[in-house]
Protein chains: 2
Amino acid sequence: MFEFKLHKEAADCSARLGTITTAHGTIQTPIFMPVGTLATVKAMSPRELDEIGAQIILSNTYHLYLRPGHGLIHDAGGLHKFMNWEKPILTDSGGFQVFSLGDLRKITEDGVEFRSHIDGSKHFFSPEHATEVQMALGSDIAMTFDQCPPYPCEREEVRKAVDRTTRWAQRCLDFHNHDYQVLFGIVQGGVYRDLRESSTEALVKMDFPGYAIGGLSVGEPKPLMYEVLDYTTPMLPREKPRYLMGVGTPDALLEGVAKGVDMFDCVLPTRIARNGTVMTSQGKLVVRNAAYARDFQPLDPDCNCYACSNFSRAYIRHLIKANEILGFRLTTIHNLHFLLDLMSKVRQAITEERFLQFKDNFMRQYNGEQKG
Amino acid sequence: MFEFKLHKEAADCSARLGTITTAHGTIQTPIFMPVGTLATVKAMSPRELDEIGAQIILSNTYHLYLRPGHGLIHDAGGLHKFMNWEKPILTDSGGFQVFSLGDLRKITEDGVEFRSHIDGSKHFFSPEHATEVQMALGSDIAMTFDQCPPYPCEREEVRKAVDRTTRWAQRCLDFHNHDYQVLFGIVQGGVYRDLRESSTEALVKMDFPGYAIGGLSVGEPKPLMYEVLDYTTPMLPREKPRYLMGVGTPDALLEGVAKGVDMFDCVLPTRIARNGTVMTSQGKLVVRNAAYARDFQPLDPDCNCYACSNFSRAYIRHLIKANEILGFRLTTIHNLHFLLDLMSKVRQAITEERFLQFKDNFMRQYNGEQKG
């Protein structure tokens, strides 16, 4: 069960407003998806995710395959039931993770042999197996098993990765067989325009219900990523959702939206939170710094999340310095709320035909008073 | 502001039903107090504490003095405001902690010189200073600065500790000067009946608004602790609350109530939770054990806490094995809920004049099917 409805397109940029309907409910786009690698968004409860307005989360196939295992999750009634999250879930294919293993993996046309980062045990992921694991997990949106080249990367290497990604996408599609789950294709091609074009063209022919743009936010300068988006999103079907993988800084989210992206995910907001850094309307703030030891203001005076409504920077700094779990919880709640709230404001601005103005104002404020 | 009302006393044992009224609200006794050492009950938010029915929490003066410092907390508006907990707080005096430092401390009649367990810096706590720190924190109930001997301990050593504790109690009382906060005395005396008697007698003369029984649960066998309670609580004034320090196992709570204790605290439920162990109506359960990997029941099928209402043993085990914060949160919620719920049932049973029967039934079930 899957439907994408395009409600509105900005006149002065490529921003779009839409809804995605899945078996587990409807998602308003553009949307940011919090990452719940191991069937939990680190430090958050499902109830808290719900309260901050999370509409869909992402979970990682590679990690869940290794522990607790997709068989166990399937026996538990699927990932939604296992983790008690009733709204939509997108799973990645594990492609990005296994390719990131470096020396621990060996790629052949058939798939990738790799060693677990936990215990060194040997495993094999093929396009079919990655798809099978995702079917067992029962996510609403599954991803094809792609080959994601690093940055920088020689053109010839990227070309080979694109061709293999295309062949593997077809194998995933042929293998995929699940009533409620849909499979998105992933465009590769690094920062080479003709390779992005050939990748997009080949995948669009396969008629996926949605498309991800992969292989970005892997170390390239942001202007280069924006350039790739500039020529890639226009090639993607207008009536299908577009998902930019691994992007979660406020500036990149806003640029992505302006360039026609509907979905984003990133571990950044939760990871920096556990490190004592928060995003605020006035820019980033490293709350663990000594400067905030006696600062009794909330993390972000403009925010109404649970952390900002009830606790001071001084308290949260104390908790984080003392390694107290509540500290990590509060910064995580705040950062996720901040990005979800940003996307909600983005949707409102698109609705009211003032997105570019909103984007400029937001970035001016965010960059103007950089703190920490 | 402080009032203790005794509503009922059991006919067949020393169990009592009461209410304590403080500046931050009323507490139903007998009560278990969750421990929030560093101005946070580890892994819990104040909202969650509220939801599981916590009426009062304990916080540790020694730890807060070292970080973030009582001055900072005072400037934040006091401990309640700093940690956003609007209900009553009891602070210990730091006595137990500094005496536990072993080689790191030196005791004189004036007080205790000690080195911080964090950075080795040198500090000095006197009865006056321990009281001053607690006044700055603004807890509802403060404790006198006592000398807590270890177990086992020679009679002569314990005698000296009792005498010093008495002198220090008077100094705390003389120094204490706070409108809303009250000071409880602490009875010492180890397992020596005559020393408990002289300690109790001396403190009762000072007319504290409440009395703690200290120096128990420090390694002595439980029957010995029960014996001390048997002769100590009857010497304490009937119309004042009695607090048994550091006790939090279900059996000891029930025995303590039967012997006339009104208040308890212990880090045990939160500490074992973070270790993957939970208390259930059928006994302890080590949910991190492999036996629960595919157990899709709740931690305790008889429990209605957030953890048991929404998650399985298999999921919680997975989280804890993977070191995920939500795992520690769920076991902590459950264990604290379990003890608070137990005390609520205890109060109900006393009200309905069937406490001893309740106690026997509970312990039979708790011991009968020990798991893990």
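- As recorded in an unreviewed UniProt entry, chain A goes by the name Queuine tRNA-ribosyltransferase, listed as coming from Metallumcola ferriviriculae.
- We quote the UniProt Pathway (unreviewed entry) comment for chain A here in full: "tRNA modification; tRNA-queuosine biosynthesis."
- UniProt lists a comment for chain A under the heading Catalytic activity (unreviewed entry), and it reads "7-aminomethyl-7-carbaguanine + guanosine(34) in tRNA = 7-aminomethyl-7-carbaguanosine(34) in tRNA + guanine".

### Brief notes about the overall build of chain A
Then comes step 1: On a plain count of helices and strands, chain A comes out with 15 helices and 16 strands.
Then comes step 2: Its C-alpha atoms give chain A principal-axis dimensions of roughly 60 × 50 × 40 Å.
Then comes step 3: Taking all 372 residues of chain A together, 61% fall into the buried category.
Then comes step 4: Across chain A, every contact between residues at least 6 apart in sequence was considered, and the portion connecting residues at least 24 apart equals 66%.
Then comes step 5: About 13800 Å² of surface is accessible on chain A, with carbon and sulfur atoms providing 47% of the total.

### With respect to the sheet that holds strand β8 (residues 112-115) of chain A
By way of backbone hydrogen bonds, the strands of a sheet pair with one another, either parallel or antiparallel.
Residues and elements named next belong to chain A.
Then comes step 1: Read across the open sheet, the three strands follow the order β7-β8-β9; overall the sheet is antiparallel. Here the strands that pair on one side only, and so sit at the sheet edges, are β7 (105-107) and β9 (122-125). Averaged over neighbouring strand pairs, the angle between their axes works out to 15° when direction is ignored.
Then comes step 2: Note: β8 against β9, four bridges, orientation antiparallel.

### Remarks on the UniProt feature "domain: tRNA-guanine(15) transglycosylase-like" (unreviewed entry) in chain A
Then comes step 1: The sites that carry the UniProt feature "domain: tRNA-guanine(15) transglycosylase-like" (unreviewed entry) are, in the present numbering, residues 14-367 of chain A.
Then comes step 2: Overall, residues 14-367 of chain A shows 44% helix and 16% strand. The separation of its end C-alpha atoms is 23 Å.

### Comments concerning the UniProt feature "binding site: substrate" (unreviewed entry) in chain A
Residues and elements named next belong to chain A.
Then comes step 1: When the UniProt feature table is mapped onto this chain numbering, "binding site: substrate" (unreviewed entry) sits at Asp 92, Ser 93, Gly 94, Gly 95, Phe 96, Asp 146, Gln 188 and Gly 215.
Then comes step 2: Mapped onto the elements, Gly 94 comes out in the loop between β6 (89-91) and α5 (95-99).
Then comes step 3: Once residues lying within four places of it in the same chain are set aside, the contact partners of Gly 94 are Thr 61, Tyr 62, Phe 125 and Phe 145.
Then comes step 4: Of note, Gly 95 is situated in helix α5.
Then comes step 5: The class of Gly 95 is buried, set by a relative accessible area of 0%.
Then comes step 6: The residues contacting Gly 95, other than those within four sequence positions of it, are Phe 145 and Asp 146.

### What about the packing of aromatic side chains?
Then comes step 1: Under the definition given, this model contains 34 aromatic pairs over all chains.
Then comes step 2: Ring centres of Phe 145 of chain B and Trp 168 of chain B lie 5.1 Å apart, and the angle between their planes is 20°; this geometry places the pair in the stacked category. Here Phe 145 of chain B is found in the loop between β10 (141-143) and α7 (155-175), whereas its partner Trp 168 of chain B is found in helix α7, with 23 residues between them in sequence.
Then comes step 3: Of the aromatic side chains, those joined through ring pairs into one cluster are Tyr 62, Tyr 65, Phe 99, Phe 114, Phe 125, Phe 145 and Trp 168 of chain A.
Then comes step 4: Sitting over the face of the ring of Tyr 306 of chain B, Arg 47 of chain A holds its NZ or CZ atom 5.4 Å from the ring centroid.

### Description of the relation of the copies chain A and chain B
Then comes step 1: At an RMSD of 0.0 Å, chain A and chain B line up after a rotation of 180° and a shift of 0.0 Å along the axis. Put plainly, the chains are arranged around a two-fold axis. Minimal C-alpha distance to the rotation axis in chain A is attained by Ile 325 of chain A, lying at 3.6 Å.

### With respect to the pattern of salt bridges
Then comes step 1: Inspection of the entire model under this criterion finds 50 salt bridges over all chains.
Then comes step 2: For Arg 238 of chain A, the salt bridge goes to Glu 9 of chain A, with nearest N and O atoms at 2.9 Å. You can see Arg 238 of chain A sitting in the loop between α9 (222-232) and β13 (242-244) and its partner Glu 9 of chain A sitting in strand β1 (residues 2-9), a full 229 residues away along the chain.
Then comes step 3: Lys 8 of chain B is the partner of Glu 353 of chain B in a salt bridge, and the nearest nitrogen-oxygen pair spans 2.9 Å. Of this pair, Glu 353 of chain B sits in the loop between α14 (325-351) and α15 (355-368) while Lys 8 of chain B sits in strand β1 (residues 2-9), placing them 345 residues apart in sequence.
Then comes step 4: By relative accessible area, Glu 353 of chain B is classed as exposed at 65%.
Then comes step 5: Salt bridges sharing partners connect three or more residues here, namely Glu 48 and Arg 329 of chain A together with Glu 48 and Arg 329 of chain B.

### Things to note about the interface of chain A and chain B
Then comes step 1: Contacts between the two partners involve 37 residues from chain A and, on the opposite side, 37 residues from chain B.
Then comes step 2: Buried area between chain A and chain B, both sides added, is near 3300 Å², and the carbon and sulfur share of it is 55%.
Then comes step 3: When residues of chain A are sorted by the area they lose upon contact with chain B, Arg 47, His 318 and Ile 325 of chain A head the list and together hold 18% of the total.
Then comes step 4: Summed over the shared surface of chain A and chain B, the result is eight salt bridges.

### A word on the nonpolar core
Then comes step 1: Counting residues in each nonpolar core, the largest one holds 197 residues, and the members touching the most others are Leu 49, Phe 264, Val 346 and Phe 355 of chain A together with Leu 49, Phe 264 and Phe 355 of chain B.
Then comes step 2: For Leu 49 of chain A, the residues in contact, after removing those within four places along its chain, are Pro 34, Val 41, Met 44, Ala 54, Ile 57, Trp 85 and Leu 336 of chain A.

### Here's the deal with helix α7 (residues 155-175) of chain A
A turn of α-helix holds 3.6 residues, and therefore any two residues three or four places apart point the same way.
Residues and elements named next belong to chain A.
Then comes step 1: With 21 residues, α7 ought to run about 30 Å at 1.5 Å a step, and its terminal C-alpha atoms sit 30 Å apart, in line with that.
Then comes step 2: Restricting attention to buried positions, one finds in α7 the residues Val 158, Ala 161, Val 162, Arg 164, Thr 165, Thr 166, Trp 168, Ala 169, Arg 171 and Cys 172.
Then comes step 3: On its buried face, α7 sits against α5, β7, β8, α6 (127-137), β11 (182-187) and α8 (193-205).

### Some thoughts on the packing of helix α6 (residues 127-137) of chain B against α7 of chain B
Residues and elements named next belong to chain B.
Then comes step 1: Packing of α6 against α7 leaves a shortest axis separation of 8 Å and a crossing angle of 45°. Relative to α7, α6 is oriented oblique. The two elements α6 and α7 meet at a crossing, and its hand is right-handed. Contacts between α6 and α7 involve Pro 127, Glu 128, Thr 131, Glu 132 and Met 135 from the former and Trp 168, Arg 171, Cys 172 and Phe 175 from the latter.
Then comes step 2: Broken down by class, the residue content of the contact of α6 with α7 amounts to five nonpolar, one polar and three charged.

### Thoughts on the packing of helix α10 (residues 250-258) of chain A against helix α14 (residues 325-351) of chain A
All names here are of chain A.
Then comes step 1: At their nearest, the axes of α10 and α14 sit 11 Å apart, and the two run at 30° to each other. With respect to α14, the axis of α10 lies roughly parallel. Classified by chirality, the crossing of α14 by α10 is right-handed. Packed against α10, whose contacting residues are Pro 250, Leu 253, Leu 254 and Val 257, the element α14 presents Phe 338, Leu 339, Leu 342, Met 343, Val 346 and Ile 350 at the interface.
Then comes step 2: Its residues assigned to classes, the contact of α10 with α14 shows ten nonpolar, no polar and no charged.

### Comments concerning the side chain of Thr 22 of chain A
Residues and elements named next belong to chain A.
Then comes step 1: By the secondary structure assignment, Thr 22 is in strand β2 (residues 16-22).
Then comes step 2: The class for Thr 22 is buried, based on a relative accessible area of 3%.
Then comes step 3: One polar contact links the side chain of Thr 22 to the main-chain amide nitrogen of His 24, over a distance of 3.0 Å.
Then comes step 4: With residues near it in sequence (within four places) discarded, Thr 22 still touches Met 1, Phe 2, Ile 27, Pro 88 and Asp 140.

### Some points on the environment of Leu 38 of chain A
Then comes step 1: Its place among the elements puts Leu 38 of chain A in the loop between β4 (31-33) and α1 (46-51).
Then comes step 2: Leu 38 of chain A gets classed as buried once you look at its relative accessible area, which sits at 5%.
Then comes step 3: Taking the C-alpha atoms as reference points, Leu 38 of chain A and Leu 58 of chain A, 20 residues apart in sequence, are found 9.9 Å from one another.
Then comes step 4: When residues no more than four places from it in sequence are discounted, the contact partners of Leu 38 of chain A are His 63, Leu 64 and Arg 67 of chain A together with His 318, Leu 319, Ala 322 and Glu 324 of chain B.

Rules and cut-offs
- Residues numbered from 1 in each chain as written.
- Chains lettered and ligands numbered in written order.
- Predicted model: local features only at pLDDT ≥ 70, side-chain atom pairs only at ≥ 80, totals over all residues.
- Heavy atoms only, no water.
- UniProt positions renumbered as here; feature names shortened; annotations may be inferred.
- Helix = DSSP H or I, 4+ residues; strand = E, 2+ residues; numbered from the N terminus.
- Buried < 20%, exposed > 50% of the residue type's maximum accessible area, 1.4 Å probe, protein only.
- Contact = heavy atoms within 4.5 Å.
- Areas by Shrake-Rupley, 256 points an atom, 1.4 Å probe, with all protein chains shown as cover.
- Pairing = 2+ DSSP bridges.
- Axes fitted to C-alpha atoms, helices over the stretch in contact; angles between N-to-C directions.
- Phe/Tyr/Trp six-rings, centres within 6.5 Å; stacked < 30°, edge-to-face > 60°.
- Lys NZ or Arg CZ within 6 Å of the ring centre and 35° of its normal.
- Least-squares fit on C-alpha atoms with pLDDT ≥ 70 in both.
- Salt bridge = Lys/Arg side-chain N within 4 Å of Asp/Glu carboxyl O.
- Buried area = accessible area lost by both parts, 1.4 Å probe.
- Core = buried A, V, L, I, M, F, W, Y, C linked by side-chain atoms within 4.5 Å.
- Expected span 1.5 Å × (residues − 1).
- Parallel < 35°, antiparallel > 145°, perpendicular 65-115°, else oblique.
- Left-handed = near helix turned anticlockwise from the far one by under 90°.
- Nonpolar A, V, L, I, M, F, W, Y, C, P; charged D, E, K, R; others polar.
- Polar contact = N/O pair within 3.5 Å; in protein donor to acceptor, adjacent residues only side chain to side chain.

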